[in-house]
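An overview of the molecular structure
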Amino acid sequence: MKTGKKIIKWFLYLLFIPTAYIIMALILSSITVDRKVSNENSEKLIYLNTNGVHLDIVIPIEYVDRLVLSGIKYSQNETYLSFGWGDENFYINTHPPYLERFDF
């Protein structure tokens, strides 16, 4: 009888994990974030900069939120910010980049 109770107990524990996951997923996915929606036409221009190995996203600084800019070192006369990733030495010492224009 003890063995049967242990088996049922472990079965319920194993059943509890996916059930709790599903319940938490349903509860947390129902939480929304209120955003102010404006009807203005917000067409913005970005560039993709590549050297054949790495890809940068180049954004005009006027499109970047001031809160984001507070954590980035930049000079006031710069007009674009470039975001990329990878090894700095490899990135700097590869082929010269070219720009492609994309309108969104």
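Worth saying up front: this structure is predicted, and the values here are computed from it rather than measured. (Residues numbered from 1 in each chain as written. Predicted model: local features only at pLDDT ≥ 70, side-chain atom pairs only at ≥ 80, totals over all residues. Heavy atoms only, no water.)

To continue, consider the environment of Ile59. Its place among the elements puts Ile59 in strand S2 (residues 55–60). It is 5.5 Å that separates the C-alpha atoms of Ile59 and Tyr80, two residues lying 21 residues apart in sequence. Sequence-distant contacts of Ile59, defined by excluding residues within four places in its chain, comprise Ile46, Val64, Thr79, Tyr80, Leu81 and Phe83. (Helix = DSSP H or I, 4+ residues; strand = E, 2+ residues; numbered from the N terminus. Contact = heavy atoms within 4.5 Å.)

What follows covers the packing of aromatic side chains. Following the criterion strictly, the structure yields 2 aromatic pairs and no others. Seen from their ring centres, Trp10 and Tyr13 are 5.7 Å apart, and the 70° between their planes marks the pair as edge-to-face. Taken together, the positions of Trp10 and Tyr13, both in helix H1 (residues 2–29) and 3 residues apart, correspond to about one turn of that helix. Classification of Trp10 as exposed rests on a relative accessible area of 56%. Taken together, a centroid distance of 5.9 Å and an interplanar angle of 70° make the contact between Tyr47 and Tyr80 edge-to-face. (Phe/Tyr/Trp six-rings, centres within 6.5 Å; stacked < 30°, edge-to-face > 60°. Buried < 20%, exposed > 50% of the residue type's maximum accessible area, 1.4 Å probe, protein only.)

This next bit is on the confidence of the model for the protein chain. Summarising the model, the protein chain shows a mean pLDDT of 79, and 77% of its residues fall at 70 or more. For the protein chain, strand S4 (residues 98–103) is the element with the lowest average pLDDT, namely 54, and H1 is the one with the highest, namely 90. (pLDDT = per-residue confidence, 0-100.)

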